[in-house]
Amino acid sequence: MKKMMILALLIAVPVASAVADGHAQRADQSRAVVKSFMGGLKGELKGALKSEGPLKAVEVCNIKAKDIAAALSKKHGWNVGRTSLKPRSAANAPDAWERGVLETFETRKAAGEDPKKMEHFEVVMLDGKQVFRYMKAIPTAERPCLVCHGSKLKPEIAAIIDKYYPNDQARGYKAGDIRGAFSIVQPM
Ligand code: HEC
């Protein structure tokens, strides 16, 4: 009996660390994808705000965010997107798992953790299959985020957002708030 337990331990420990390594690798790959998503979006947003003004930037943000997410999803065979507890686009509304993680991000922030480095990953079942899920918090910066997500939107910006997003909830943020999160599903 004792021998078997030792044997089981000898087998279980390497398996557990191999699994942990696999997860660390998936988390690293997720971080890299989030970085390129963020970089792509910031570039598009800054460019549009500068050259064409915030009205055009709303359209750019609307179309480009989806384009970048779709291109990254296709490239990696994953599902890459953004979500929020107060989404602007209904298409970005969180599922139950994402909602739970976003809520723990709020609790972690309230406990003093910096949202800039906040992430969570886990292997879970999704539609009957095991998947690796990764989320990274997106903090709200004063500029440019508050132009479109703050509490005092210019009337012309509010009007165009209302036009595209009649059910917008993503206003009234302050700098430092968690605006939402990147969310990735990797099939295993
Ligand atoms: C020019 C206006 C504009 C600016 C500036 C802007 N956003 Fe947005 N944001 C939008 C629009 C429009 C959407 C909806 C995009 C879509 O349809 O997927 C959105 C959606 C999002 C989402 C996805 C969740 C949701 O609410 O639908 C996040 C997260 C987000 N923005 C974060 C930010 C952050 C962080 C900044 C600052 C770095 C920022 N945004 C700056 C217009 C803007």
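Each chain carries its own residue numbering, running from 1 in the direction its sequence is written. Reporting of local features is limited, given that this is a predicted model, to residues whose pLDDT is at least 70; pairs of side-chain atoms are given and counted only at 80 or more, and all residues count toward the totals for whole chains, interfaces and linings. The side-chain numbers reported here are obtained from all heavy atoms of the structure, hydrogens and water having been left aside.

**Here we look at helix α4 (residues 155-164)**
Three or four residues apart is the spacing at which side chains of an α-helix point the same way, because the helix has 3.6 residues per turn.
And step 1. Buried residues are those whose accessible area, probed at 1.4 Å on protein chains only, stays under 20% of the maximum for their type, while exposed residues exceed 50% and partly exposed ones sit between those limits. Labels follow the DSSP assignment, with helices taken as runs of H or I lasting at least four residues and strands as runs of E lasting at least two, numbered in each case from the N terminus. I157, A158, I160 and I161 are the residues of α4 that are buried. One face of α4 carries all of its buried residues, which in axial projection span an arc of 165°. Facing away from the buried surface of α4 by more than 90 degrees, the exposed residues are P155 and K163. The arc refers to the directions leading from the helix axis to the C-beta atoms.

**Remarks on the site of the ligand**
And step 1. As a matter of local geometry, the ligand sits amid 21 residues, with R88, C145, C148, H149 and Y165 nearest to it.
And step 2. The side chain of N92 places a nitrogen or oxygen atom 2.7 Å from an oxygen atom of the ligand.
And step 3. Under the rule applied, a polar contact is a pair of N or O atoms within 3.5 Å (in protein, one hydrogen donor and one hydrogen acceptor; residues adjacent in sequence only if both atoms are side-chain atoms). Here a nitrogen atom of the ligand sits 2.9 Å away from a polar atom, N or O, in the side chain of H149.
And step 4. Residue assignment for the shell around the ligand shows that the elements contributing at least two residues are α1 (2-76), β3 (129-139) and α3 (145-149).
And step 5. Considering each element in turn, the shell around the ligand owes the most residues, 7 residues, to α1.
And step 6. Gly is placed with the polar residues, together with every amino acid not listed as nonpolar (Ala, Val, Leu, Ile, Met, Phe, Trp, Tyr, Cys and Pro) or charged (Asp, Glu, Lys and Arg). For the shell around the ligand, a count of residues per class yields 13 nonpolar, 4 polar and 4 charged. Any residue with a heavy atom positioned within 4 Å of a molecule or strand is treated as near that molecule or strand.

**With respect to the side chain of T83**
And step 1. Mapped onto the elements of the fold, T83 is located in strand β1 (residues 79-83).
And step 2. Of note is the side chain of T83, whose polar atom sits 2.7 Å from the backbone oxygen of N92.
And step 3. Leave out the neighbours within four places in its chain, and T83 touches N92, A93, P94, E98, L102, M135, G180, A181 and S183. By definition in these notes, contact holds between two residues if any of their heavy atoms fall within 4.5 Å.

**Let's talk about the packing of aromatic side chains**
And step 1. Any pair of Phe, Tyr and Trp rings, taking the six-membered ring for Trp, is counted once the centres come within 6.5 Å. Such a pair is stacked with planes under 30 degrees apart, edge-to-face with planes over 60 apart, and tilted for the rest. Under the counting rule described, the total for this entry stands at 4 aromatic pairs.
And step 2. Consider the rings of Y164 and Y165, whose centres lie 6.4 Å apart with planes at 45°: the pair is tilted.
And step 3. When its relative accessible area of 32% is taken as the criterion, Y164 is described as partly exposed.
And step 4. Linked through ring pairs, F121, F132 and Y134 together constitute an aromatic cluster.

**Here we look at the pairing of β3**
And step 1. Of all 11 residues making up β3, 8 are buried, and the element is well covered by its neighbours.
And step 2. At least two DSSP bridges between two strands are needed for those strands to be called paired. The pairing of strand β2 (residues 119-126) with β3 spans 8 bridges and is classified as antiparallel. What sits directly across from F121, in β3, is Y134.
And step 3. What sits between the antiparallel neighbours β2 and β3 is a turn of 2 residues, in which D127 has the positive phi angle 50°.

**With respect to the nonpolar core**
And step 1. To define a nonpolar core, start from buried Ala, Val, Leu, Ile, Met, Phe, Trp, Tyr and Cys residues and group those joined through side-chain atoms within 4.5 Å. Core analysis: the biggest nonpolar cluster contains 16 residues, and V33, F37, L72, V80 and I184 have the highest contact counts within it.
And step 2. Put simply, the parts of the chain that give this core at least two residues each are α1, β3 and β4 (178-187).
And step 3. Here the element with the most residues in this core is α1; it accounts for 9 residues.
And step 4. Leaving out residues up to four positions away in the same chain, V80 has contacts with V33, F37, A69, L72, S73, S183 and I184.
And step 5. Grouped together as the second largest cluster of nonpolar side chains are 12 residues, W97, V101, V124 and A137 included.

**Describing the pattern of salt bridges**
And step 1. Salt bridge, as used here, is a side-chain nitrogen of Lys or Arg placed within 4 Å of a carboxyl oxygen of Asp or Glu. In this structure the tally under the stated criterion is 9 salt bridges.
And step 2. For D28, the salt bridge identified is with R31, shortest N-O distance 2.7 Å. Taken together, the residues span about one helical turn, with D28 and R31 both in helix α1 at a distance of 3 residues.
And step 3. On the accessibility criterion, R31 (31% relative accessible area) is partly exposed.
And step 4. Between R108 and E113 there is a salt bridge, with its nearest N and O atoms 2.8 Å apart.
And step 5. Looking at R108, the relative accessible area reads 24%, which means it is partly exposed.

**Brief notes about the confidence of the model for the protein chain**
And step 1. Model confidence for the protein chain is summarised by a mean pLDDT of 89, while 91% of its residues fall at 70 or above.
And step 2. Looking at any residue, its pLDDT shows the predictor's confidence there, from 0 to 100. Mean pLDDT values for the elements of the protein chain range from 80 in α1 up to 98 in helix α2 (residues 96-110).

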